[in-house]
Amino acid sequence: MKKLQMSKARTITFEQGCNMYLDNCRQRNLREGTINHYKQSYTQFYKYFNPQMPITEMTQDVYKQFVMHLRETLHNDVSINAYLRDMITTLHFLMNEGYLEHYKMQAIRVDKSHVETYTDDELKLLLEKPNIKKCSFAEYQSWVMTNFLFCTGIRQRSLIFLKVKDIDLDNNIVRVNVTKNRKPLLLPINQTMVNILIEYLKHRQYKTTDDFLFCNVFGCQLVKSTCYHRLYEYNKRRGVETTGIHRYRHTFAKQWILNGGNVVTLSRLLGHSSLEITQNYINLLVSDVAEQVNEINLLDKFAGKHSIKMKRN
């Protein structure tokens, strides 16, 4: 039996509906980055839909037409699904608010792509320590950040919000207070990374422990764009054409698994909300694992000279 709902005194426009959902995001205290993401999607929606269109005209058939439009104009399935997810989330909100009749919406099927990681040769180039007597502070700090990203696998946002006081060099621990799921992390770091940070803090010239660990040339907090371009230029100077801060997170996960680390611990270190998310990382690394399977041929190891031969009649 259909649940009775209060009828709305008037309808709203598509734009008003989108703005209502943005207000709902603010009420739920979602990150500004998440809200800006929806705003960017809405800008694209308004190119296809008239913002002043009554929301009641957003029928299931209209939604399906929009799906076809995206498939014809965009050639990246991941981008298409990103827009569709934002559309579905927004329309579900308006359905629950009583502005739309409930109907089923689906995103498209997307083939999972292989996770890109840094190769062993690239890591050797990137992790080689620069000559402190000759390099700039920016280059030296980029080297420290590269080591830190590869050592911990943390996200860029977490990196730029780290403060000096978050580094516990006595207990080899990093307190990561800004995370994607808003749950703080206590990450252990190895002694090599501790030694790097001890030296780095001597050059950092911070005034108080409330200063940000990684900063721009003026000692202020790094912004995302500066952090990205800093490491992009660092990679180029090292002769590494591939780049990407999140690539270190993938590389950390790959190396952890290939070197015998267990999945449960990896999930905790990455700050994943479920083991299933971590398993997705491993599934996308299957080609690398396959190389180890060939190297460690268990059948050959245990068969050896003890294989049974068939009797001939």
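Residues numbered from 1 in each chain as written. Predicted model: local features only at pLDDT ≥ 70, side-chain atom pairs only at ≥ 80, totals over all residues. Heavy atoms only, no water.

**As for the sheet that holds strand 2 (residues 173–176)**
To keep it simple, the criterion reads: Two strands qualify as a pair provided that DSSP identifies no fewer than 2 bridges between them. Strands are runs of DSSP state E lasting at least 2 residues, helices are runs of H or I lasting at least 4, and numbering of each runs from the N terminus.
The antiparallel open sheet is built from three strands, whose spatial order is 1-2-3. Edge positions in the sheet fall to strand 1 (167–168) and strand 3 (185–188), since each has one partner strand and no second. Where strand 1 and strand 2 come together, two bridges link them in antiparallel fashion. Counterpart to Ile 167 in the pairing with strand 2 is Val 174.

**A word on the environment of Tyr 140**
Here is the rule we go by: Between two residues, a contact is recorded if the distance between any of their heavy atoms is within 4.5 Å. N or O atoms within 3.5 Å of each other form a polar contact, as long as, within protein, one can give a hydrogen and the other can take it, and as long as residues adjacent in sequence are counted only when both atoms are side-chain atoms.
Here Tyr 140 lies in helix 6 (residues 137–152). For the pair Tyr 140 and His 203, spaced 63 residues apart in the sequence, the C-alpha separation amounts to 9.4 Å. Among residues more than four places away in sequence, those in contact with Tyr 140 are Pro 130, Ile 132, Cys 135, Ile 196, Glu 199, Tyr 200 and His 203. At a separation of 3.3 Å, a polar atom in the side chain of Tyr 140 contacts the main-chain amide nitrogen of Tyr 200.

**A word on the state of the cysteines**
Applied cut-off: The disulfide definition used here is simple: a pair of cysteine sulfur atoms within 2.5 Å. Classification of residues uses two cut-offs on accessible area relative to the type maximum, computed with a 1.4 Å probe and protein chains only: under 20% is buried, over 50% is exposed, and between them is partly exposed.
Considering all chains together, one arrives at zero disulfides under this definition. The structure places no disulfide on Cys 215, whose sulfur is separated from the nearest cysteine sulfur, that of Cys 220, by 8.1 Å. A relative accessible area of 2% places Cys 215 in the buried class.

**Some words on the packing of aromatic side chains**
Inclusion rule: For Phe, Tyr and Trp, where Trp contributes only its six-membered ring, two rings pair if their centres lie within 6.5 Å, and the inter-plane angle classes them as stacked under 30 degrees, edge-to-face over 60, or tilted in between. A positively charged side chain is recorded as over a ring if its NZ (Lys) or CZ (Arg) lies within 6 Å of the ring centre. The angle to the ring normal must also be within 35 degrees.
Scanning the entire structure with this criterion turns up 20 aromatic pairs. When the ring of Tyr 118 is compared with that of Tyr 248, the centres are 4.5 Å apart and the planes differ by 35°; the resulting orientation is tilted. Of this pair, Tyr 118 sits in the loop between helix 4 (77–96) and helix 5 (120–127) while Tyr 248 sits in helix 10 (residues 246–258), and the two are 130 residues apart along the sequence. Across the pair, Tyr 248 and Tyr 118 agree in class, each one buried. Look at Phe 252 and Trp 256: their rings are 6.1 Å apart centre to centre, the planes differ by 40°, and that puts the pair in the tilted class. Pair noted here: Phe 252 and Trp 256 are both in helix 10, with a separation of four residues, about one helical turn. Overall, Trp 256 belongs to the partly exposed group, its relative accessible area being 26%. These aromatic residues form a ring-pair network of at least three members: Phe 14, Tyr 21, Tyr 38, Tyr 42, Phe 45, Tyr 46, Tyr 48, Phe 49, Phe 66, Tyr 83 and Phe 93. The side chain of Lys 163 reaches across the aromatic face of Phe 212, ending 5.4 Å from its centre.

**Section: the side chain of Glu 122**
Applied cut-off: Positive charges come from Lys and Arg alone, negative charges from Asp and Glu alone, with His and the N- and C-terminal ends not counted. For salt bridges, the criterion is a side-chain nitrogen of Lys or Arg within 4 Å of an Asp or Glu carboxyl oxygen.
By secondary structure assignment, the location of Glu 122 is in helix 5. No salt bridge forms around the buried Glu 122; measuring N to O, its nearest opposite-charge neighbour Arg 247 is 6.0 Å away. At 2.9 Å, the side chain of Glu 122 and the side chain of Thr 242 are in polar contact. With sequence-adjacent residues up to four places away left out, Glu 122 is seen in contact with Thr 117, Val 240 and Thr 242.

**Some words on the nonpolar core**
The line we're drawing: Working definition of a nonpolar core: buried Ala, Val, Leu, Ile, Met, Phe, Trp, Tyr and Cys residues. They are joined through side-chain atoms within 4.5 Å.
Membership of the largest hydrophobic core comes to 44 residues, with the highest contact counts inside it found for Val 144, Phe 148, Ile 154, Leu 159, Met 193, Phe 214 and Cys 227. In terms of residues, this core owes the most to one element, helix 6, which gives seven residues. Ignoring sequence-local partners within four residues, the contact set of Met 193 consists of Val 144, Asn 147, Phe 148 and Cys 151. Within the second largest apolar cluster, 32 residues are counted, among which are Met 58, Val 62, Tyr 63 and Leu 70.

**Examining the pattern of salt bridges**
Under the defined criterion, the tally for this structure stands at six salt bridges. Between Glu 199 and Lys 129 there is a salt bridge; the shortest N-O distance is 3.0 Å. Of this pair, Glu 199 sits in helix 8 (residues 191–204) while Lys 129 sits in the loop between helix 5 and helix 6, placing them 70 residues apart in sequence. Looking at Glu 199, the relative accessible area reads 23%, which means it is partly exposed. Overall, Lys 129 belongs to the partly exposed group, its relative accessible area being 40%. A salt bridge links Arg 175 to Asp 168, with the nearest nitrogen and oxygen atoms 3.7 Å apart. Residue classification places Asp 168 among the buried positions, given a relative accessible area of 14%.

**What to know about the packing of helix 5 against helix 6**
Applied cut-off: The axes are straight lines fitted to the C-alpha atoms, using for helices just the contacting stretch, and the angles between their N-to-C directions are given from 0 to 180°. We call two directions roughly parallel when the angle between them is under 35 degrees, roughly antiparallel when it is over 145, roughly perpendicular when it lies between 65 and 115, and oblique otherwise. Each residue receives one of three labels: charged for Asp, Glu, Lys and Arg, nonpolar for Ala, Val, Leu, Ile, Met, Phe, Trp, Tyr, Cys and Pro, and polar for the others, Gly being one of them.
Contact pair helix 5 / helix 6: the axes reach a minimum separation of 9 Å and the direction vectors enclose 140°. By the criterion of interaxial angle, the relationship of helix 5 to helix 6 is oblique. Counted together, Leu 123, Leu 126 and Leu 127 of helix 5 and Trp 143, Thr 146, Asn 147 and Phe 150 of helix 6 form the full contact between these two elements. Here the residues of the contact of helix 5 with helix 6 sort into five nonpolar, two polar and no charged.

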